[in-house]
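Structural characterization, general
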Amino acid sequence: MTFLTLTHVTKVFGNSAAVDDFNLEIGQGELVSFLGPSGCGKTTTLRMVAGFELPTSGVIRMGGEDITYKPPAQRNVGMVFQAYALFPNMTIAKNIAFGLEISHRPQAEIKERVAEMLDIIHMSSMGARYPYQLSGGQQQRVALARALAVSPQVLLLDEPLSALDAKIRVSLRSEIRAIQKKLGITAIYVTHDQEEALSISDRVVVMNNGKMEQVGRPLEIYNAPATEFVAQFVGTLNTLRVQIEDPATGDLAVEGHILRTGKKLEGMSRGDNLTIALRPELLAFTNGQQDLNILDCTIENITFLGSIVRFTLNLGKRAIFMDSFNNPHLRIPEIGDQVRITCSPESVLILKASESEKQEAAA
């Protein structure tokens, strides 16, 4: 069931649209991430949902109610910031209780709710401590508990883990997701970290230059990027400019090789240019069978990434990456070796330009 709706939401600063015609429906209990580079409009969109920014045009509805121009205090949303924003002169328990106290809740109710929140974030014995006595991860847990204590209808998280080190981020994002699912709360999570967005989200909204590039489940975003921008931004990717060899069979020419896609290229002719994408993990060394797509390459570099070995390959004048699981029992080719690699027709993704890229090309 749809709970939060943004319809044709636009925010203009001066002559520039920070958010341009944003349309999204978020279901009850769904966690949706806004993913994109700095300046793409994701935080501005979040702030409009919170009421800290007002749309230039468009409508925001929560539970069927128009909240577009309601002040933040009347929206019943919880906000978790990047910088924790805890009150340094208050204990952890007092920080969590703050929203309840300004709402004039009974003291018994406040005490019970604070104890419940401390238990949820696994800090039941730390209520009497002050923020300076906690680690960064613990402070962010307290900020989350404070936002949840008032039982908000929507939880908004603005880059909540970016100030933490990598190992704590992985642990804490799993905790945030577990708490969100346990409470069944609708949430929007802003991040520029693709791994973070893909790992915790029900759906991901990829944004660029104020526009929505693609909306979908994490697997869809990664495996079937809709535009070249999405393909480049989400995951490591090889993009190649190719020419159409046969539009009826989907055959493409690249550096003297033929790549077969098995897809009819409607409305295109032989010699037309296209951009394709190949994920590094979908390339492999040939095993002597009659593979459909075979590329002759030279190994330029080999990088060990723990469980993954990344090969940098020269395909004619172009460099591409190939990832392989690290198996100590297999012989790894050496730098300078001539190798043949293959990929399935299904792994060749044909990309279309995003609206912003089309505008840049026309300029």
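Shown above is the structure to which this text applies.
Procedures and definitions
Residues numbered from 1 in each chain as written. Predicted model: local features only at pLDDT ≥ 70, side-chain atom pairs only at ≥ 80, totals over all residues. Heavy atoms only, no water. Salt bridge = Lys/Arg side-chain N within 4 Å of Asp/Glu carboxyl O. Helix = DSSP H or I, 4+ residues; strand = E, 2+ residues; numbered from the N terminus. Axes fitted to C-alpha atoms, helices over the stretch in contact; angles between N-to-C directions. Parallel < 35°, antiparallel > 145°, perpendicular 65-115°, else oblique. Left-handed = near helix turned anticlockwise from the far one by under 90°. Contact = heavy atoms within 4.5 Å. Nonpolar A, V, L, I, M, F, W, Y, C, P; charged D, E, K, R; others polar. Core = buried A, V, L, I, M, F, W, Y, C linked by side-chain atoms within 4.5 Å. Buried < 20%, exposed > 50% of the residue type's maximum accessible area, 1.4 Å probe, protein only. Pairing = 2+ DSSP bridges.

On to the pattern of salt bridges, then. Under the criterion given, the structure shown has 17 salt bridges. When the shortest N-O distance is used, the salt bridge between Glu-53 and Lys-11 registers 3.9 Å. With Glu-53 in the loop between helix H1 (42–50) and strand S4 (57–62) and Lys-11 in strand S1 (residues 2–13), this residue pair connects regions lying 42 residues apart in the sequence. Residues participating in the shared-partner salt-bridge network are Lys-11, Arg-47 and Glu-53.

It is at 11 Å that the axes of helix H4 (residues 136–149) and helix H5 (residues 166–183) come closest, and there the two elements cross at 20°. As judged from the angle between their axes, H4 and H5 are roughly parallel. Crossing handedness for the pair H4 and H5: right-handed. Two secondary-structure elements touch here, H4 through Gly-137, Gln-140, Arg-141, Leu-144 and Leu-148 and H5 through Ile-168, Leu-172, Glu-175, Ile-176, Ile-179 and Leu-183. The residue makeup of the contact of H4 with H5, split by class, is seven nonpolar, two polar and two charged.

Ranked by size, the top nonpolar core spans 35 residues in total, and within it Ile-96, Val-142, Leu-144, Leu-155 and Leu-157 carry the most contacts. Going through the elements one at a time, helix H2 (92–102), helix H3 (107–120), H4, strand S7 (154–158), H5 and strand S8 (186–191) are the ones with two or more residues in this core. Residues within four places of Leu-155 in sequence aside, it is in contact with Gly-78, Val-80, Leu-144, Ala-147, Leu-148, Ile-185, Thr-186, Ala-187 and Ile-188. With 26 residues, the next largest nonpolar core counts Leu-24, Ile-26, Ile-60 and Leu-156 among its residues.

A word on the pairing of strand S9 (residues 203–208). With six of six residues buried, S9 lies mostly within the body of the structure. Side-chain alternation along S9 places Arg-203, Val-205 and Met-207 on one buried face and Val-204, Val-206 and Asn-208 on a second face that is also buried. Direction of pairing for strand S3 (residues 31–35) relative to S9: parallel, over a ladder of four bridges. Bridged to Ser-33 within S9 is Val-204. Between S9 and strand S10 (residues 211–216), which follow one another and run antiparallel, lie two residues, and Asn-209 among them has a positive phi close to 55°.

Moving on, we come to the sheet that holds S7. Strand order in the open sheet made by the six strands is S6-S7-S8-S3-S9-S10, with mixed pairing throughout. Two strands bound the open sheet, and with one partner strand each, they are strand S6 (77–80) and S10. Ignoring strand direction, the axes of neighbouring strands in this sheet form an average angle of 20°. The strands that H4 touches are S6 and S7; relative to S6, the one it contacts most, it runs at about 170°.

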